[in-house]
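The residues making up each chain are set out below.
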Amino acid sequence: MMKEIKQIKTVGNRDVELLKADSNSGDKTVLIIGVFHGDEPQGEYLIRKFMSQRKEPCKNQIYIIPCLNPDGKALGTRQNANGIDLNRNFPTKNRKIIEDEHYFGGTEGGSEIETQFIIDALKEYKPDFILTIHAPYRVVNFDGNAEKYAKDISEITGYPLEEDIGYETPGSFGTYAGKERNIPTITLELPEDKTNEELWEETKEIFDYCADRI
Ligand SMILES: [Zn+2]
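Residues numbered from 1 in each chain as written. Predicted model: local features only at pLDDT ≥ 70, side-chain atom pairs only at ≥ 80, totals over all residues.

Caption draft 1: Representation of the sheet that holds strand β1 (residues 2-9). Pairing is mixed in the open sheet, where eight strands are placed in the order β1-β2-β4-β3-β5-β8-β6-β7. Two strands bound the open sheet, and with one partner strand each, they are β1 and β7 (161-162). With six bridges joining them, strand β6 (residues 137-143) and strand β8 (residues 185-191) adopt antiparallel strand pairing. When the bridges of β8 are listed, Phe-142 appears paired with Ile-186. (Pairing = 2+ DSSP bridges. Helix = DSSP H or I, 4+ residues; strand = E, 2+ residues; numbered from the N terminus.)

As structure tokens, then:
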């Protein structure tokens, strides 16, 4: 049901894959991204579970990056192998150098190969909607014109809706794609106190929603 269409090698010589689901000729293009942060591996579990369970073709065109940051995942770190927070590495207008090493986004926007992979995917596939999966705040955050989708996803999961996450995120993907390119972008924050199976039960309908109902 999925085929790999693109891949890159990270600094740590690991693969980042971009996959495409079988599709009918749906009019919407959706991009789903897991594991921006290596210490938030739950998203990849959910994405791979969806890919293995889904048997029928999706109505929409679904592109999936199950794990954007395999080096961080292997190291157990938020950042990639260069010590950079990929979710602060996008070349946004509000970008600045962040001193706090936890959120350090590099000295130059778009410096990381993982970031460039996403930038290229946006150019090439022109998604109408993007879902990224993080943890641990249990909230549906959104950027760009995504309130309608965020409300639906909040209803599906029971997680609260939140437009503003409460702190500045210069160089974030939500700012780059949602605010500056006007692509409706959801940042789904999973709760931290659940097993992967429990998370799947809470979120599985989101994937069918992306696949067929957007
Ligand atoms: Zn995160």
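Resuming the write-up.
Caption draft 2: Molecular detail of the packing of helix α1 (residues 42-53) against helix α6 (residues 196-213). At a minimum axis distance of 10 Å, the contact between α1 and α6 shows a crossing angle of 60°. Judged on the interaxial angle alone, α6 and α1 are oblique. Between α1 and α6 lies a crossing of right-handed hand. Residues Gln-42, Tyr-45, Leu-46, Lys-49 and Phe-50 of α1 form the contact with α6, whose own contacting residues are Asn-196, Leu-199, Trp-200, Thr-203 and Phe-207. Broken down by class, the residue content of the contact of α1 with α6 amounts to six nonpolar, three polar and one charged. (Axes fitted to C-alpha atoms, helices over the stretch in contact; angles between N-to-C directions. Parallel < 35°, antiparallel > 145°, perpendicular 65-115°, else oblique. Left-handed = near helix turned anticlockwise from the far one by under 90°. Contact = placed C-beta atoms within 7 Å. Nonpolar A, V, L, I, M, F, W, Y, C, P; charged D, E, K, R; others polar.)

Caption draft 3: Seen up close, unusual backbone geometry. A cis amide bond links Ala-135 with the next residue in sequence, Pro-136, at an omega value of 10°. Note on placement: Pro-136 falls in the loop between β5 (129-134) and β6. With a phi close to 45°, Lys-126 is a non-glycine residue in the positive phi region. By the element assignment, Lys-126 lies in the loop between α3 (113-125) and β5. In this model, Arg-138 sits at a positive phi of 55°, which is unusual for a non-glycine residue. Tracing the backbone through its elements, the reader meets Arg-138 in strand β6. With 17 C-beta atoms packed within 10 Å, Arg-138 lands in the partly exposed category. (Buried ≥ 20, exposed ≤ 12 C-beta atoms within 10 Å, placed from the backbone.)

Caption draft 4: Main features of the pairing of β5. A large share of β5 lies buried, amounting to five of its six residues. One ladder, built from five bridges, connects strand β3 (residues 29-34) with β5; its direction is parallel. By the bridge assignment, Ile-33 is partnered in β5 with Thr-132. Pairing analysis gives five bridges linking β5 to β8, with the strands arranged parallel. Residue pairing for β8: Leu-131 is matched across the bridge by Ile-186.

Caption draft 5: Examining the environment of Gly-38 more closely. Relative to the assigned elements, Gly-38 resides in the loop between β3 and α1. Taking the C-alpha atoms as reference points, Gly-38 and Ala-74, separated by 36 residues in sequence, lie 7.4 Å from one another. Apart from residues no more than four positions distant in its own chain, Gly-38 is found in contact with Asn-69, Asp-71, Gly-72, Lys-73, Leu-75, Gly-76, Thr-77 and Arg-78.

Caption draft 6: Broad picture of the environment of Asp-143. Examined against the element boundaries, Asp-143 turns out to sit in strand β6. The exposure class of Asp-143 is buried, given the 27 C-beta atoms found within 10 Å. With residues near it in sequence (within four places) discarded, Asp-143 still touches Gly-174, Thr-175, Gly-178, Lys-179 and Thr-185.

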